[in-house]
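Listed here are the chains, written in short residue letters.
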Amino acid sequence: MTCKKTQRLALLILAATLSVCARAGADDAALLKQAQQLFKPLPPDAGTAEHPIDPQRVALGRDLFFDPRISLDGTVSCSRCHLPALYGTDALPKAVGVMARPNPRNAPTILNAALEFVAHWRGDRKDVEDQAKQALVGPPSFGNPDYAAAMAKIKAIPGYAARFDQTFPGEQDPVTAENWASAIGAYERTLLTPSPFDAYLGGDVDALLPTARAGLATFIATGCMACHNGVGIGGGNFQRFGVVEDYWKATGSKDSDKGRFDVTNRAEDLYVFKVPSLRNVAMTAPYFHDGSVATLPEAVRVMALVQLGKTLTDQDVGQIVAFLDSLTGPLPAAFVQAPVLPASAFEQVK
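### Some words on the packing of aromatic side chains
Inspection of the entire model under this criterion finds 19 aromatic pairs. Ring plane angle 70° and centroid distance 5.0 Å describe the contact between Phe117 and Phe238, whose orientation is recorded as edge-to-face. In this pair, Phe117 is assigned in the loop between helix 3 (78-81) and helix 4 (128-135) and Phe238 in strand 1 (residues 238-240), connecting sequence segments 121 residues apart. Under the relative-accessibility criterion, Phe117 is labelled partly exposed at 36%. You can call Phe238 partly exposed: its relative accessible area is 26%. Taking the centre distance of 5.1 Å and the plane angle of 85° together, the rings of Tyr247 and Trp248 count as edge-to-face. Here the guanidinium or amino end of Lys133 rests over the ring plane of Tyr147, the centre of that ring lying 5.4 Å away.

### Topic: the side chain of Thr328
In this fold, Thr328 is placed in the loop between helix 13 (314-325) and helix 14 (333-336). Apart from residues lying up to four places away in sequence, Thr328 is in contact with Tyr87, Ser195, Pro196, Asn280, Ala282 and Met283.

### Let's talk about the nonpolar core
Residues Phe39, Phe197, Tyr200, Leu216, Phe219 and Leu324 are the most contacted members of the largest nonpolar core, which totals 38 residues. Once you skip the residues sitting within four places of it in the chain, Leu216 turns out to touch Leu31, Ala35, Phe39, Phe197, Tyr200 and Phe323.

### Considering the packing of helix 9 (residues 210-222) against helix 13
The packing of two helices is summarised by the inter-axis angle and the distance between the axes. In the contact formed by helix 9 and helix 13, the axes pass within 7 Å of each other and the chain directions differ by 110°. It follows that helix 9 is roughly perpendicular to helix 13 by the angle criterion. Here the hand of the crossing between helix 9 and helix 13 comes out left-handed. Facing helix 9, whose interface residues are Thr211, Ala212, Ala214, Gly215, Leu216, Thr218, Phe219 and Thr222, helix 13 presents Asp316, Gln319, Ile320, Ala322, Phe323 and Leu324.

### Some details on the confidence of the model for the protein
Chain-level pLDDT for the protein is 93 on average; 91% of the residues reach the 70-or-more range. This stretch, residues 16-23, has a pLDDT under 50; its non-local contacts, to residues over four places away or in other chains, come to zero contacts.

### Details of helix 2 (residues 55-66)
Relative to the 16 Å expected for 12 residues at 1.5 Å per residue, helix 2 spans 17 Å between its end C-alpha atoms, a close match to the ideal helical length. Where helix 2 is concerned, the buried positions are Val58, Leu60, Gly61, Asp63, Leu64, Phe65 and Phe66.

### Quick notes on the pattern of salt bridges
Scanning the model with the defined rule gives 16 salt bridges in all. The partner of Asp28 in a salt bridge is Arg213, and the shortest N-O contact between them spans 3.2 Å. Placement of Asp28 in helix 1 (residues 3-38) and of Arg213 in helix 9 is noted, with a sequence separation of 185 residues between them. Comparing Asp28 with Arg213 shows no difference in burial state: the two are buried. Among the salt bridges present, the one from Arg105 reaches Asp257, with a minimum N-O distance of 2.8 Å. Taken as a pair, Arg105 in the loop between helix 3 and helix 4 and Asp257 in the loop between helix 10 (247-251) and helix 11 (261-264) lie far apart in primary sequence, 152 residues in all. Three or more residues joined by partner-sharing salt bridges are found here, namely Arg122, Asp124 and Arg125.

Criteria and cut-off values
- Residues numbered from 1 in each chain as written.
- Predicted model: local features only at pLDDT ≥ 70, side-chain atom pairs only at ≥ 80, totals over all residues.
- Heavy atoms only, no water.
- Phe/Tyr/Trp six-rings, centres within 6.5 Å; stacked < 30°, edge-to-face > 60°.
- Helix = DSSP H or I, 4+ residues; strand = E, 2+ residues; numbered from the N terminus.
- Buried < 20%, exposed > 50% of the residue type's maximum accessible area, 1.4 Å probe, protein only.
- Lys NZ or Arg CZ within 6 Å of the ring centre and 35° of its normal.
- Contact = heavy atoms within 4.5 Å.
- Core = buried A, V, L, I, M, F, W, Y, C linked by side-chain atoms within 4.5 Å.
- Axes fitted to C-alpha atoms, helices over the stretch in contact; angles between N-to-C directions.
- Parallel < 35°, antiparallel > 145°, perpendicular 65-115°, else oblique.
- Left-handed = near helix turned anticlockwise from the far one by under 90°.
- pLDDT = per-residue confidence, 0-100.
- Expected span 1.5 Å × (residues − 1).
- Salt bridge = Lys/Arg side-chain N within 4 Å of Asp/Glu carboxyl O.

Given below as structure tokens:
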């Protein structure tokens, strides 16, 4: 081959390479623009006008979140079902509460939960504050007979009364269930986990590996984003579990849960649940309200089938899981390690 022919071939190869790169760049730009329209990056915290982030309230709420002494048998704290090592879950199909009583549903992660539009699978709690308050007297949660009994436990621990006074000044008796909930809610509103996907939404295309970007495209093309969108990639609406097929047949669930129907008694709410957020989903197995599916790939297959009537290929599933992996963020520093709790009266005497 002559020198001129070699140069011409090299130029043709370079031109073809540049063309492929240009198309890939255009595709990446289009995908990013589409993603920015469907999803939103995490804010710095989940504070609101009604529930502002007050550092003193957050600090008190952190201690209360990890303190089991407020429960009926002294074994259950918020962290019992929302363990830092398990990304704010307990890895059980259904949570276990006070006196080893089983909860009716899987414990979802507490991470980013304050951003969701309601709390609990059935949406029977207004927000994280409402959830924290009602947990005090929930039979399978803290199990206290009433709020007064729970507050008496707090008052019996030296150090808490003074901190409630400081955190909620001007109240005659600040140790109340409402203030307990406000403090724990304030702490939970700081438990956000920015991930590589947030950097991607901010314009850094390379924050996602090519496999994750392919998974994002497949996630969108499959139709998953119809329910899993917004800042939580879910957590913003209710949906019937089993739009196309009965969910319990696909999941192997032993019992069918009527979902929100048991809250509203409306026929249209039969088998309706809150759409869960997919943030950190790779770390929070098992899946669904009853913890009936053990692995993320299987959960992806089930959702595509029962919600969208689609049978995914292994490649589709692998790509979507790669995208879901990009939703995992580092744990907040104030969540990684439990705090040193105020000593009880007995411990102070010793």
